[in-house]
Amino acid sequence: MSPIMNIYQKCLKLPFGRWVFSRILCFKAPYFGSIRPQFLELRPGYSKILLKKRRSVTNHIGSVHAIAMCNVSELAAGTMLEASIPRTMRWIPKGMTVSYLKIATTDLTAVCEIPLDGLETPGEFPMTIHVTDTRGDEVFQAVITMHLSKKRG
């Protein structure tokens, strides 16, 4: 089991464990704290994160800001990949392509799901993140290309 999955599993045993895990992750990567993510589920090959619509993540027209959706997408993909790759591998985002499909006026859920095969092979690994509103409508989609490589040492 990956170190991040160990932490997640330990946190789930605590009261408000998902909230605790989200805070730990935002402490490690402080920028993600700006969106106050709430992890709903994390396992190898799958992540689901809630992004609450609050004033601090809205734009001038009152919808969820595009960059907030980019942030939750990168967090969903990166955390899930960290939970999924072999310990001999590492990753870094190489690029992101986004599609704004519908105005985002509610809380949002970001889901990233990938097959687990191929994660031990260095190279480019595209990951699709689907962001839906509370009605289940997809409002945003991101494809993040991760570069996988062997760890040194």
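Rules of the game
- Residues numbered from 1 in each chain as written.
- Predicted model: local features only at pLDDT ≥ 70, side-chain atom pairs only at ≥ 80, totals over all residues.
- Heavy atoms only, no water.
- Helix = DSSP H or I, 4+ residues; strand = E, 2+ residues; numbered from the N terminus.
- Buried < 20%, exposed > 50% of the residue type's maximum accessible area, 1.4 Å probe, protein only.
- Contact = heavy atoms within 4.5 Å.
- Pairing = 2+ DSSP bridges.
- Axes fitted to C-alpha atoms, helices over the stretch in contact; angles between N-to-C directions.

(A) Local environment of the side chain of Thr109. Its place among the elements puts Thr109 in strand β4 (residues 108-113). Look at Thr109 and you get buried, because its relative accessible area is 17%. Excluding anything up to four places from it in sequence, Thr109 contacts Leu40, Lys48, Ile49, Leu50, His130, Val131 and Thr132.

(B) Representation of the sheet that holds β4 in the model. Strand order across the open sheet formed by six strands is β1-β2-β4-β5-β6-β3, with antiparallel pairing between neighbours. Edge positions in the sheet fall to β1 (38-43) and β3 (89-100), since each of these pairs with one other strand and no more. Across the sheet, the mean angle separating the axes of adjacent strands is 20° when strand polarity is ignored. Pairing analysis gives ten bridges linking strand β5 (residues 123-133) to strand β6 (residues 138-150), with the strands arranged antiparallel. By the bridge assignment for β6, Ile129 is matched with Ala142.

(C) Local environment of the environment of Met69. Of note, Met69 is situated in helix α3 (residues 66-84). The exposure class assigned to Met69 is buried, which follows from its relative accessible area of 4%. As a C-alpha pair, Met69 and Leu148 span 79 residues in sequence and 24 Å in three-dimensional space. In contact with Met69, other than residues within four places in its own chain, are Val64, Tyr100, Ala104, Leu108, Val139 and Phe140.

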